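# Residue-level structural notes
This is what each chain is made of:
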Amino acid sequence: MSDNSIEHLDVVVVGAGFAGMYAVYRANKDNRSVKCFEAGTDVGGTWYWNRYPGARVDIECLEYSYSFDEALQQEWEWTERYAGQAEILNYAKHVAERYNLRDYMQFETRVESAIFNEETQRWEVKTNRGDQISAKFCFMATGLISAPVDPDFEGLDGFKGEQYMTSRWPKEEIQFGGKRVGIVGTGSSGIQVISEIAEKCGELLVFQRTPSYVIPLQNHELENGQAEKIKSKYDELRALEKESFGGFTLLHSDLSPLPSKSALELSEEDRRAEYENRWKSGGLSPYYAFTDTLMDEDSNATMAEFAREKIRERVNDPKIAEKLSPDYHILTRRLSPETNFLEQFNRDNVDLVDLNEKPIKRFTETGIIVGDEEIELDIIIFATGFDVMTGAMDRIDIRGRDAQALKSRWKEGLTSYLGLMTRGFPNFFWINGPHSQFYNPILLAEFQCDLIFDALNHMDDSGKKILEATEENEQGWVDLTNQIGNMTLFPKSNNYYMGDNIPGKPRQTVFFLGGFPLYREQCEAAFDGLNAFEVA
Ligand code: NAP
């Protein structure tokens, strides 16, 4: 980049979801010049794009929210235990306004490349609208589950009906009344949309390849001072989140977020009572039932069988119940909290098409051919998932020292130090990205941004300009992440945590699965004095 249209900045941030918003806030607070680019027309990230009917969070909002400003957390009023997409998007907009974040953001702009210039020691960033930025530090806040897998079916281009993706849902309301609607995908997104639209459709055909384990969300309005009670002890709650594995604490129940027993230590009766409690409490509470559900096959089998029993109880037709019952290790694919999902299959206008018996052959102008059967459709919805963790960064041309492309590095295997950066890409950081702890993403963004921005301040104080992972420490982190991943049951099923849904993706855990206390300890030790890094 050589002409004078280049804007010189301290920090460039890519993405204006919750992570990017906090990075901008923190840069401002530290008096660093900053600009954030966002492809959407406004802030919100996941909650901007995934505006499909039924989209809702499954971590309680009093926890799925920023903790950095006591005034903000006291003043914002959540109406439900688990808010819907519109309310969360309003929260994001409120935060953007409250801290004037939009002044530092440029919307409808996609970053196309970020290239490290060895001579200037700066990142050269270019967008699809011709912006050219030269920045000291580059922050990728591009989202952990944000790069959709586009449907790739023969004949789809010629399909004359309406087509939608849950991850790119239009802002206009879609009319389902009297229409034959098909949906491909039964992960959390598909489950939410099915639960919401089934009664509105003329007919709904659910094309399922792999069933999901489900649990009632048990959502309800926040009433009778419930929120006030929690807000009066917000400090205690935020401290407990840090002690927990995943950054959520099962707020509205008396269940502990800190499991201490193996499922196999309990009698059959006591174990069932524990599972009953968890299903009654709902949401993500089974994750904290026992210490070994994700480590031990026998322990896992007890929860999996309980979950299948619950499916059989709720679905009238035993054959459909069987098809909706997963047979892989529970929790190794995302547990899907839902509201009346299974009951939709008791309706006359809803049918399940098992793609294992009748695979999708192709689309026609008027519908879809599965097996030897043609099914007419007016609308097709794709809830077919994401290229998790690495996908969003892989779609940008990112090149570090010696013009090495990040994408080709990661094709060989995922590398990172602390799930924040990788060697050869100095002053380049990602938030909520590959090898990050599996954790409440808003709180993780705060933690990771604070670590990095504090480090930048420390570097300023000592006249240093470059922060980079050492080869040895990076290898240590990769080994630790893979070792922990391999101790769990995740590698034993087919799931996006291992990259399985993307052909050719190296098979290894994309998350750090050691729990937040260990993650935090490792990060804080490394950042203390920056002795674990190469600093120049
Ligand atoms: P997902 O869990 O990856 O599910 C994708 C679905 O599409 C799977 O059922 C998959 O089947 C199916 N699929 C993909 N390609 C297909 C093909 N060619 N033919 C037939 N079926 C195909 O994606 P998601 O539902 O969007 O959820 C992603 C993640 O986002 C969740 O796990 C969760 O972390 C997050 N999320 C959270 C919430 C919430 O908080 N409430 C809501 C939505 C999403 P196979 O498994 O057989 O490939």
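Only a predicted model underlies this, so the values are computations on that prediction, with no experimental measurement involved.

## Section: the site of the ligand
Taken together, 23 residues form the shell around the ligand, and within it Ser189, Arg209, Thr210, Arg333 and Tyr496 come nearest. Between the ligand and Thr210, the relevant distance is 2.5 Å, taken from an oxygen atom to a side-chain nitrogen or oxygen of the residue. Compared with its free state, where it exposes 920 Å², the ligand has 82% of that area covered by protein. Per-element tally for the shell around the ligand: the top contributor is helix H5 (residues 188-197), with three residues.

## Side note on the sheet that holds strand E13 (residues 360-363)
What the three strands build is an open sheet, ordered E13-E14-E15; its pairing is antiparallel. At either margin of the open sheet sits one strand with a lone partner, and together these are E13 and strand E15 (373-376). Averaged over neighbouring strand pairs, the angle between their axes works out to 25° when direction is ignored. Relative to E15, strand E14 (residues 367-370) is paired through four bridges, and the arrangement is antiparallel. Across the sheet, Ile369 pairs through a bridge with Glu374, a residue of E15.

## Thoughts on the state of the cysteines
A covalent bond between the sulfur atoms of two cysteines is what we call a disulfide. A complete count under the given rule lists zero disulfides for this structure. Of the cysteine sulfurs around Cys36, a residue in no disulfide, the closest is that of Cys449, at 11 Å. Judged by relative accessible area, which is 0%, Cys36 ranks as buried. Cys138 takes part in no disulfide bond, and the closest cysteine sulfur, belonging to Cys36, lies 11 Å away. For Cys138, a relative accessible area of 1% corresponds to the buried category.

## Let's talk about the packing of helix H8 (residues 268-281) against helix H9 (residues 297-314)
Think of two packed helices as two axes; the pair is described by the angle between the axes and how far apart they sit. Interaxial distance between H8 and H9 falls to 11 Å at its minimum, and their mutual angle equals 55°. By the angle class used here, H8 and H9 are oblique. Between H8 and H9 the crossing geometry is right-handed. On H9, the residues that touch Arg271, Arg272, Tyr275, Glu276 and Trp279 of H8 are Ser299, Thr302, Met303, Phe306, Ala307, Glu309 and Lys310.

## Considering the pairing of strand E5 (residues 122-127)
Extensive coverage of E5 is indicated by the burial of five of its six residues. Hairpin connection, strand E4 (residues 111-117) to E5: the antiparallel pair is bridged by four residues, and Gln121 has positive phi, about 60°. Following E5, the chain reverses through four residues before pairing antiparallel with strand E6 (residues 132-140); Gly130 in that reversal takes a positive phi of roughly 90°.

## Looking at the pattern of salt bridges
Applying the stated criterion across every chain, the model contains 40 salt bridges. The residue Asp42 makes a salt bridge to Arg102 at a minimum N-O spacing of 2.8 Å. Here Asp42 is found in the loop between strand E2 (34-37) and helix H2 (46-49), whereas its partner Arg102 is found in the loop between helix H4 (85-98) and strand E3 (105-106), with 60 residues between them in sequence. Here Asp42 falls in the buried class, since its relative accessible area comes to 13%. Overall, Arg102 belongs to the partly exposed group, its relative accessible area being 25%. The partner of Glu203 in a salt bridge is Arg180, with the nearest N and O atoms 2.9 Å apart. A residue pair is termed long-range when its members are at least 10 positions apart, and Glu203 in strand E9 (residues 203-208) and Arg180 in strand E8 (residues 180-184) qualify at 23 residues.

## Examining helix H1 (residues 18-29)
End to end, H1 covers 16 Å across twelve residues, agreeing with the expected 16 Å (1.5 Å per residue, within 8%). Most of H1 sits out of view: ten of its twelve residues are buried. Within the span of H1, buried status applies to Phe18, Ala19, Gly20, Met21, Tyr22, Ala23, Val24, Tyr25, Arg26 and Ala27. In the segment just after H1, Asn31 is the residue with positive phi, at about 55°.

## Some thoughts on the environment of Pro216
Its location among the elements puts Pro216 in strand E10 (residues 214-216). Between the C-alpha atoms of Pro216 and Ser281, which are 65 residues apart in sequence, the distance is 8.5 Å.

## Some remarks on the packing of aromatic side chains
Within this structure, the stated rule accounts for 47 aromatic pairs. Taking the centre distance of 6.3 Å and the plane angle of 35° together, the rings of Tyr22 and Tyr66 count as tilted. Residue Tyr22 is found in helix H1, and its partner Tyr66 is found in the loop between H2 and helix H3 (70-75); the two are separated by 44 residues along the sequence. With a relative accessible area of 3%, Tyr22 lands in the buried category. Assessed through its relative accessible area of 1%, Tyr66 is described here as buried. Aromatic rings pair up to connect Phe18, Tyr22, Tyr25, Trp47, Tyr64, Tyr66, Phe68, Trp76, Trp78, Tyr91 and Tyr99 into one cluster. The cationic tip of Arg51 hangs over the ring face of Tyr48; the distance from NZ or CZ to the ring centre is 4.9 Å. Over the face of the ring belonging to Trp49 we find Arg168, whose NZ or CZ atom lies 4.3 Å from the ring centre.

The rules behind each value
- Residues numbered from 1 in each chain as written.
- Predicted model: local features only at pLDDT ≥ 70, side-chain atom pairs only at ≥ 80, totals over all residues.
- Heavy atoms only, no water.
- Near = heavy atom within 4 Å.
- Polar contact = N/O pair within 3.5 Å; in protein donor to acceptor, adjacent residues only side chain to side chain.
- Areas by Shrake-Rupley, 256 points an atom, 1.4 Å probe, with all protein chains shown as cover.
- Helix = DSSP H or I, 4+ residues; strand = E, 2+ residues; numbered from the N terminus.
- Pairing = 2+ DSSP bridges.
- Axes fitted to C-alpha atoms, helices over the stretch in contact; angles between N-to-C directions.
- Disulfide = S-S within 2.5 Å.
- Buried < 20%, exposed > 50% of the residue type's maximum accessible area, 1.4 Å probe, protein only.
- Parallel < 35°, antiparallel > 145°, perpendicular 65-115°, else oblique.
- Left-handed = near helix turned anticlockwise from the far one by under 90°.
- Contact = heavy atoms within 4.5 Å.
- Salt bridge = Lys/Arg side-chain N within 4 Å of Asp/Glu carboxyl O.
- Expected span 1.5 Å × (residues − 1).
- Phe/Tyr/Trp six-rings, centres within 6.5 Å; stacked < 30°, edge-to-face > 60°.
- Lys NZ or Arg CZ within 6 Å of the ring centre and 35° of its normal.

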